[in-house]
Amino acid sequence: AEFFRWCRRMGHRTPASVLSFDVLLCEWAEALYEDGDMKCILNRGLCGLAHLVPSLRGRLAGAWRLYNAWSRTEHRRQAPPIELLLAQALAAVFLEEGFPGAALCILAAHECILRNAEFFELRTGDVIPTPGGALLSLRDTKMGQRLGLTQQVLCSSRWLAARLRRRAEELQPGETLLDCTPVQFRQIWSRARGRLKIPARFTVYGLRRGGATGLFRRTGSFDTVCDRGRWGNVSACRIYVTTALQDASIEEFACHNNLWERWAQKLWLIPA
């Protein structure tokens, strides 16, 4: 399901031959790797395809080679968590380049611990006003697919919730809040890294990792992080957060804080 949703977002058609299927799967594997997504998504996708389409078994050599290469480098290339100030600075770069919707999605991804596909697919009808913020309905989440339900998460930041509601009201029904394609988003993200002087290992998935670690630092509760991040169990969440905290401890960007603060101040230009 993850693979075919990615194909729809990228505008790819279902391939007609095994070779073209393998090539497309290789592109998907590279996209997952560059975004810092979990390797198990690729593993489940390849195994699921082989199960549903027996003729593909043993014939997806390229995709499996990339999976094995990912296994050898996974620890070194795992996306570092992105702290709140850096997330705000990244959002400000998108805002300056003329993409306020993408800027708000970046902030929502950090605040609500969203996966990449979840905030890429946020639409106008998914933003539900509440007295203290905004409730976000998430499409096709992992746990939601297993349980057959639509998951929701509360954006409790009044500043962000007000702007998400305004953004949803300005668009046509059913439009995505993101005002660029996923490909354009990654291109701008790459330029933003250069302007903020951060290395390429800081990928989009770091927003979810940073949101999780930030919430844990504020609350000290794995249960709270598990519930907000929609993990299947607390044990998986504990491993995720602990690993992210370890990765965060080795990053040293104290000299860049002034630069990030100057960029983050531009977010006040977003009207409420």
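As a reminder, the structure under discussion sits directly above these lines.
Student: Please explain the sheet that holds strand β1 (residues 127-130) as it appears in this structure.
Tutor: To summarise the sheet geometry, strands pair through backbone hydrogen bonds and adopt either a parallel or an antiparallel arrangement. Read from one edge to the other, the open sheet built from three strands follows the order β1-β2-β3, with strand pairing classed as antiparallel. Of all strands in the sheet, those bounded by a partner on one side alone are β1 and β3 (151-155). Looking at each pair of strands side by side, their axes are set apart by 25° on average, direction ignored. Its contacts with the sheet put helix α6 (residues 100-112) on β2 (133-138) and β3, and the angle it makes with β3 is roughly 100°.

Student: I tried to follow the nonpolar core on my own but got confused; where do I start?
Tutor: Among soluble globular proteins, nonpolar side chains are generally buried collectively. Counting 54 residues, the largest nonpolar core has Phe119 and Phe185 as the members making the most contacts within it. At the level of secondary structure, the elements contributing two or more residues to this core comprise α5 (84-96), α6, α7 (116-120), β2, β3, α9 (158-170), α10 (182-196) and α14 (257-264). For this core, the leading source of residues is α5, giving ten residues. Sequence-distant contacts of Phe119, that is, excluding residues within four places in its chain, are made with Cys105, Ala109, Leu114, Phe185, Val204 and Leu207. Counting 19 residues, the second largest nonpolar core, distinct from the first, contains Leu24, Ala29, Ile41 and Leu56.

Student: What exactly am I supposed to notice about the packing of aromatic side chains here?
Tutor: Between two aromatic rings, the relevant description is the distance of the centres plus the angle of the planes. For the structure on display, the rule yields eleven aromatic pairs. With centroids separated by 6.5 Å and ring planes inclined at 80°, the aromatic side chains of Tyr205 and Tyr240 adopt a geometry described as edge-to-face. Of this pair, Tyr205 sits in the loop between α10 and α11 (206-219) while Tyr240 is found in helix α13 (residues 234-249), placing the two residues 35 residues apart along the sequence. Comparing Tyr205 with Tyr240, the two get one shared label, buried. Seen in terms of ring centroids, Trp231 and Tyr240 are 4.8 Å apart; in terms of plane orientation they differ by 55°. Their pairing is tilted. The same class applies to Trp231 as to Tyr240, namely buried. Members of the aromatic cluster, connected to one another through ring pairs, are Phe94, Phe119, Phe120, Phe185 and Trp189. Lying across the ring of Trp231, Arg208 places its NZ or CZ 4.2 Å from the centre. Between Arg209 and the ring centre of Tyr240, over which it is positioned, the NZ or CZ distance is 5.9 Å.

Student: Whenever I open this one, the environment of His12 confuses me. Can you help?
Tutor: Looking at where His12 falls in the secondary structure, it is placed in the loop between α1 (2-10) and α2 (18-35). Considering only alpha carbons, one finds His12 and Val23, eleven residues apart in sequence, at a separation of 12 Å. Residue contacts for His12: discarding those within four places in its chain leaves Trp6, Cys7, Leu24 and Glu27.

Student: I would appreciate a short explanation of the pattern of salt bridges in the present structure.
Tutor: Oppositely charged side chains are able to pair whenever their charged atoms sit close together. By the definition in use, this model includes eleven salt bridges. Of the charged contacts, one joins Arg115 and Glu118 as a salt bridge, the two residues approaching to 2.9 Å between their closest N and O atoms. Glu118 carries the same exposure label as Arg115, and that label is buried. Asp179 is the salt-bridge partner of Arg167, the closest N and O atoms lying 3.7 Å from each other. Here Arg167, found in helix α9, pairs with Asp179, found in the loop between α9 and α10; they are twelve residues apart in sequence, far enough to count as distant. Asp179 sits in the partly exposed class, given a relative accessible area of 24%. Here the residues in one salt-bridge network are Glu96, Glu97, Arg191, Arg195 and Lys266, joined through shared partners.

Criteria and thresholds
- Think of each chain on its own: its residues are numbered from 1, step by step along the sequence as written.
- For a predicted model such as this one, the threshold for reporting local features is a pLDDT of at least 70, and the threshold for listing and counting side-chain atom pairs is 80 or more; totals across whole chains, interfaces and linings nevertheless cover every residue.
- By convention in this description, side-chain values take in all heavy atoms of the structure and omit both hydrogens and water.
- Paired strands are those between which DSSP finds at least two bridges.
- Counting from the N terminus, the helices are the DSSP runs of H or I reaching at least four residues and the strands are the DSSP runs of E reaching at least two.
- Only the stretch in contact is used when a helix axis is fitted, and all axes are lines through C-alpha atoms; the angle between N-to-C directions ranges over 0 to 180 degrees.
- Two residues qualify as a contact provided that any one of their heavy atoms is within 4.5 Å of a heavy atom in the partner residue.
- Working definition of a nonpolar core: buried Ala, Val, Leu, Ile, Met, Phe, Trp, Tyr and Cys residues. They are joined through side-chain atoms within 4.5 Å.
- Burial classification: accessible surface area is computed with a 1.4 Å probe over protein chains only, and a residue below 20% of its type maximum counts as buried, one above 50% as exposed, and the rest as partly exposed.
- Side-chain rings of Phe, Tyr and Trp (the six-membered ring for Trp) are treated as a pair once their centres are within 6.5 Å; stacked means planes under 30 degrees apart, edge-to-face means over 60, and tilted covers the remaining angles.
- For a lysine, the NZ atom is tested; for an arginine, the CZ atom; a charge sits over a ring if that atom is within 6 Å of the ring centre and within 35 degrees of the ring normal.
- Put simply, a salt bridge is a Lys or Arg side-chain nitrogen that is within 4 Å of an Asp or Glu carboxyl oxygen.

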